[in-house]
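What follows is the residue order along each chain.
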Amino acid sequence: MAPWGDAKLFFCILFITCCCTVTLAQIPLDCCLSVKNKKVDKQIIVDYRQQLRGMGCSIDATVMTTRRGKKLCVFPNAPWVPEVLKHVDHLKKICKENNKMKRCHGVKPE
């Protein structure tokens, strides 16, 4: 009876391992499929993130979030992008220093 108990344990562990592997493999990524080269006003951007090719997405992009929550995909090496990112970082820094407990208007929390 011991061999049958060992087999049940083996198949149980195998089943759990397969389920966990499939679950982790099915995590959806929010990737930009195309990018625009149109300049965006820095006053409407409240957050950003970098999307890298080879990390689950097919193109490099800077994903900017507007005050209304809209995602804008732009070329990461466009000449105007660093200025916008610097502006957002500055807003976050001011927000963090001045409003320890409150959420800043228009700036996404880190």
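Conventions used here
- Residues numbered from 1 in each chain as written.
- Predicted model: local features only at pLDDT ≥ 70, side-chain atom pairs only at ≥ 80, totals over all residues.
- Heavy atoms only, no water.
- Phe/Tyr/Trp six-rings, centres within 6.5 Å; stacked < 30°, edge-to-face > 60°.
- Lys NZ or Arg CZ within 6 Å of the ring centre and 35° of its normal.
- Pairing = 2+ DSSP bridges.
- Helix = DSSP H or I, 4+ residues; strand = E, 2+ residues; numbered from the N terminus.
- Axes fitted to C-alpha atoms, helices over the stretch in contact; angles between N-to-C directions.
- Disulfide = S-S within 2.5 Å.
- Buried < 20%, exposed > 50% of the residue type's maximum accessible area, 1.4 Å probe, protein only.

Per an unreviewed UniProt entry, the protein goes by the name C-C motif chemokine 19-like and belongs to Seriola dumerili.

**Thoughts on the packing of aromatic side chains**
Summed over the entire model, instances satisfying the criterion amount to zero aromatic pairs. Its end group placed over the ring of Y48, K92 keeps NZ or CZ at 5.9 Å from the ring centre.

**Overview of the sheet that holds strand 2 (residues 61–66)**
Spatial ordering of the open sheet is given by 1-2-3, a layout of three strands whose pairing is antiparallel. Of all the strands in the sheet, the pair left with one neighbour each is strand 1 (45–51) and strand 3 (71–74). Each neighbouring strand pair of the sheet contributes to a mean axis angle of 25°, computed without reference to strand direction. As paired elements, strand 1 and strand 2 share six bridges and run antiparallel to each other. Bridge pairing in strand 2 links I45 to T66.

**Focus: the state of the cysteines**
Between two cysteines, a covalent bond joining their sulfur atoms is known as a disulfide. Under the defined criterion, the tally for this structure stands at two disulfides. Residue pairing for C31: its cysteine sulfur links by disulfide to C57, the two sulfurs lying 1.9 Å apart. Looking down the S-S bond of the C31 and C57 bridge, the torsion is -70°, so its handedness is left-handed. Within this pair, whereas C31 is found in the loop between helix 1 (2–25) and strand 1, its partner C57 is found in the loop between strand 1 and strand 2, the two being separated by 26 residues in sequence. For C31, a relative accessible area of 21% gives the class partly exposed. Residue C57 is classed as buried on the basis of its relative accessible area of 12%. A disulfide bridge connects C32 with C73, and the sulfur atoms are separated by 1.9 Å. Residues C32 and C73 are joined by a disulfide whose S-S torsion is about -75°; by sign, that bridge is left-handed. Of this pair, C32 sits in the loop between helix 1 and strand 1 while C73 sits in strand 3, and the two are 41 residues apart along the sequence.

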